[in-house]
Amino acid sequence: MFGRKNNGITEDAVRKALSTVQEPELYKDLITLNMVRDITISDDQVGFTIVLTTPACPLRSQMENESIAAVKKLVPGVNQVNVRFDAQVRTDKRIAGKLNIPVKNIIAVASGKGGVGKSTVSTNLAVSLALEGAKVGVLDADIYGPNIPMMFGLSGKPRLDGNKMVPFTAFGVEVISMGFLVPEGKALVWRGPMLHKAIQQLFTDVRWGELDYLIVDLPPGTGDAQLSLAQSVPLTGGVIVTGPQAVAVSDALRGAEAFQQLQVPIIGVIENMSGEIFGSGGGEGAAIKIGAEFLGRVDLDARVRSGGDTGKPIVLEAPESEAAKSLRSLARKIAARISVMTIEPDPELRII
Ligand SMILES: Nc1ncnc2c1ncn2[C@@H]1O[C@H](COP(=O)(O)OP(=O)(O)O)[C@@H](O)[C@H]1O
Ligand SMILES: [Mg+2]
């Protein structure tokens with residue numbers, strides 16, 4: 001073709017074509033959601049950037065394929081479509097303004113009882129989200145058994161910057177734990193106001209970076225800590241970790257009831273340590289009883305435990321293992337759920 005630059009293709013025509021493509025999780029089209037930026041047209045080639053609501057988007061390639069197909073089909077003269085991706089995690093509106101830390105979403109990980117793998121799941125979810133390109137922090141609020149330092153291979157006392165603690169960073173994740181601050185066993189006596197204050201300080205007295213997701217590892221059970229947390233900070237949602245056994249259902253239910261009473265949305269239930277030894281089904285049973293989504297299961301695998309003991313999370317140490325793959329996929333699922341939960345009020349992104 002000679003003469004006509006851009007082959008007669010207009011930005012408007014490209015936008016119109018992309019307005020037929022649905023964001024598969026958010027059930028709105030890419031233009032309404034203002035996810036399309038930087039449209040370029042050169043001869044018979046069209047390019048644009050899709051700004052995802054999370055870098056951990058599980059349906060990126062589906063959106064890519066559908067966008068390419070729509071533009072080729074609906075815009076005459078287009079031969080090639082180049083899709084670029086970027087991501088901008090949306091801020092939970094309840095957090096914005098209320099909390100004086102630059103965190104967009106806070107996710108609490110809870111379980112009815114100890115030993116079900118709450119810290120393990122928190123650690124691997126955080127590392128998985130960081131691997132996807134998200135900015136992530138972990139706040140270990142388990143004062144009775146702070147295992148997060150060990151699982152991240154960290155020790156020592158955090159540095160001070162003015163009157164704030166600087167979190168450690170490991171595997172791209174910012175980490176603060178009660179374990180860095182109190183001698184072993186000391187916190188066991190904490191109750192009520194002291195516990196409340198301690199948990200609050202882990203948010204406000206720490207120089208958190210600009211985080212897309214802050215994951216809070218709660219102590220087991222449904223006691224003071226869960227209450228303190230929900231009173232101190234607006235939680236985007238809670239994830240319940242449970243075992244695969246049928247008896248795990250009642251534990252998970254207690255954790256969920258506490259969230260429900262505190263009006264914390266439940267993102268879903270994860271079943272951990274599934275397999276031949278303990279069986280499976282407890283997580284699904286719990287999810288049905290709670291009326292929450294069953295997010296998936298993580299196999300019982302000795303490499304999960306050894307990774308935790310040596311400070312080398314399995315998603316990095318044995319990425320090909322089924323357990324690691326499940327954890328990576330759970331992280332993407334949770335990120336997508338949070339996108340859905342935070343989609344509505346975001347005027348900044350809706351202006352076209
Ligand atoms: N999927 C799994 N496979 C094997 N061991 C696991 C798995 N999940 C957790 N563990 C191990 O079980 C123990 C308890 O896990 P942890 O995360 O500390 O539980 P919680 O925080 O709920 O008390 C740890 O030794 C951990 O390494
Ligand atoms: Mg723990």
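All values reported here derive from a predicted model rather than from experimental measurement.

Turning to the overall build of the protein, a few remarks are in order. Helices and strands together make up the secondary structure of the protein, namely 13 helices and 15 strands. For 352 residues, the compact-globule estimate of 2.2 N^0.38 gives 20 Å, and the protein sits close to it at 22 Å. Residues classed as buried in the protein amount to 53% of the 352 residues present. The contacts in the protein between residues at least 6 apart in sequence include a share of 74% that link residues at least 24 apart. Working note: accessible area of the protein is about 15600 Å², and carbon and sulfur atoms make up 51% of it. With 37 positive and 38 negative side-chain charges, the protein shows a separation of 3 Å between the mean positions of the two kinds.

What follows is about unusual backbone geometry. Phi at Asn-34 takes a positive value of approximately 50°, unusual for a residue other than glycine. By the secondary structure assignment, Asn-34 is in the loop between β2 (28-29) and β3 (36-42).

Let's shift gears to the environment of Ala-225. Within the element layout of this structure, Ala-225 appears in helix α7 (residues 224-232). We classify Ala-225 as buried; its relative accessible area is 6%. Residues Ala-225 and Leu-52, spaced 173 residues apart in sequence, show a C-alpha to C-alpha distance of 34 Å. In contact with Ala-225, other than residues within four places in its own chain, are Leu-195, Ile-199, Leu-218 and Pro-219.

The environment of ligand 1 is formed by 16 residues, the closest being Gly-115, Lys-118, Thr-120, Asn-272 and Asp-299. At 3.3 Å, a backbone N or O of Val-116 approaches an oxygen atom of ligand 1. Ser-119 places a side-chain nitrogen or oxygen 2.9 Å from an oxygen atom of ligand 1. Looking at the shell around ligand 1, the elements that each hand over two or more residues are α3 (118-131), β14 (266-274) and α10 (302-310). Examining the composition of the shell around ligand 1, we find that three residues originate from one element, α3, more than from any other.

What follows is about helix α2 (residues 60-74). Look at α2: 21 Å from first C-alpha to last across 15 residues, which is about the 21 Å you get at 1.5 Å a residue. Check the buried side of α2 and you find it contacts α1 (11-18), β1 (22-23), β4 (45-52) and β5 (80-87).

Mapped onto the elements of the fold, Asp-161 is located in strand β8 (residues 160-161). Distance from Asp-161 to Gly-283, taken between C-alpha atoms, is 42 Å for residues 122 residues apart in sequence. Excluding its chain neighbours within four sequence positions, the residues that come into contact with Asp-161 are Val-166 and Arg-207. Polar contacts involving the side chain of Asp-161 include one to the side chain of Arg-207, which spans 2.7 Å.

All right, on to the pairing of strand β12 (residues 213-217) then. Every other side chain in a regular strand lies on the same face of the sheet, so the side chains alternate between the two faces. The buried fraction of β12 amounts to five of the five residues, a majority that puts the element mostly inside the structure. A two-sided burial pattern is seen for β12, the buried positions comprising Tyr-213, Ile-215 and Asp-217 on one face and Leu-214 and Val-216 on the other. Examined bridge by bridge, strand β6 (residues 106-110) and β12 share four bridges and lie parallel to one another. Considered in β12, the bridge of Ala-108 is made with Val-216. Direction of pairing for strand β7 (residues 136-140) relative to β12: parallel, over a ladder of five bridges. From the neighbouring strand, Leu-139 faces β12, where its bridge partner is Val-216.

Strands sit in the order β10-β11-β7-β12-β6-β13-β14-β15 across an open sheet of eight strands; the sheet is mixed. The sheet terminates laterally at β10 (168-170) and β15 (294-299), the two strands that pair on one side only. Averaged over all pairs of adjacent strands, the angle between their axes in this sheet comes to 25°, without regard to strand direction. Lying over the sheet, helix α8 (residues 248-261) contacts β6, β13 (237-242) and β14, oriented at roughly 170° with respect to β13.

This brings us to the sheet that holds β5. Picture the strands of a sheet paired through backbone hydrogen bonds; they go either parallel or antiparallel. Spatially, the three strands line up as an open sheet ordered β3-β4-β5, and their pairing is mixed. Both outer strands of the open sheet, β3 and β5, are each paired with one neighbouring strand and no more. Going across the sheet, the axis of each strand differs from the next one's by a mean of 15°, ignoring polarity. With five bridges joining them, β3 and β4 adopt antiparallel strand pairing. Bridged to Arg-37 within β4 is Thr-49. Sitting on the sheet, α1 touches β3 and β4, and the angle it makes with β3 is about 130°. Its contacts with the sheet place α2 against β4 and β5, and it is angled at close to 145° to β5.

Frequently, the measure chosen for interface size is the accessible area that the parts lose on association. Per the domain assignment, the segments of the protein are domain 1 (9-88) and domain 2 (106-342). Here domain 1 and domain 2 have C-alpha centroids that lie 35 Å from each other. On the domain 2 side, the residues contacting the eight residues of domain 1 number 11 residues. Summing both partners gives a buried area of about 740 Å² for domain 1 against domain 2, and 63% of it is carried by carbon and sulfur. Counting the surface domain 1 buries against domain 2, the share from its top three residues, Glu-25, Pro-55 and Ala-56, is 57%. One can count one salt bridge joining domain 1 with domain 2. Here Arg-337 ties to Glu-25 by a salt bridge, and the two come within 3.0 Å at their closest N and O atoms. Scanning the region where domain 1 abuts domain 2 turns up three residue pairs in polar contact (both at pLDDT 80 or more).

The rules behind the values
Residues numbered from 1 in each chain as written. Chains lettered and ligands numbered in written order. Predicted model: local features only at pLDDT ≥ 70, side-chain atom pairs only at ≥ 80, totals over all residues. Heavy atoms only, no water. Helix = DSSP H or I, 4+ residues; strand = E, 2+ residues; numbered from the N terminus. Rg over C-alpha atoms; globule rule 2.2 N^0.38 Å. Buried < 20%, exposed > 50% of the residue type's maximum accessible area, 1.4 Å probe, protein only. Contact = heavy atoms within 4.5 Å. Areas by Shrake-Rupley, 256 points an atom, 1.4 Å probe, with all protein chains shown as cover. Lys, Arg positive; Asp, Glu negative; His and termini not counted. Charge placed at Lys NZ, Arg CZ, Asp CG, Glu CD. Near = heavy atom within 4 Å. Polar contact = N/O pair within 3.5 Å; in protein donor to acceptor, adjacent residues only side chain to side chain. Expected span 1.5 Å × (residues − 1). Pairing = 2+ DSSP bridges. Axes fitted to C-alpha atoms, helices over the stretch in contact; angles between N-to-C directions. Domains from an automatic or database assignment. Buried area = accessible area lost by both parts, 1.4 Å probe. Salt bridge = Lys/Arg side-chain N within 4 Å of Asp/Glu carboxyl O.

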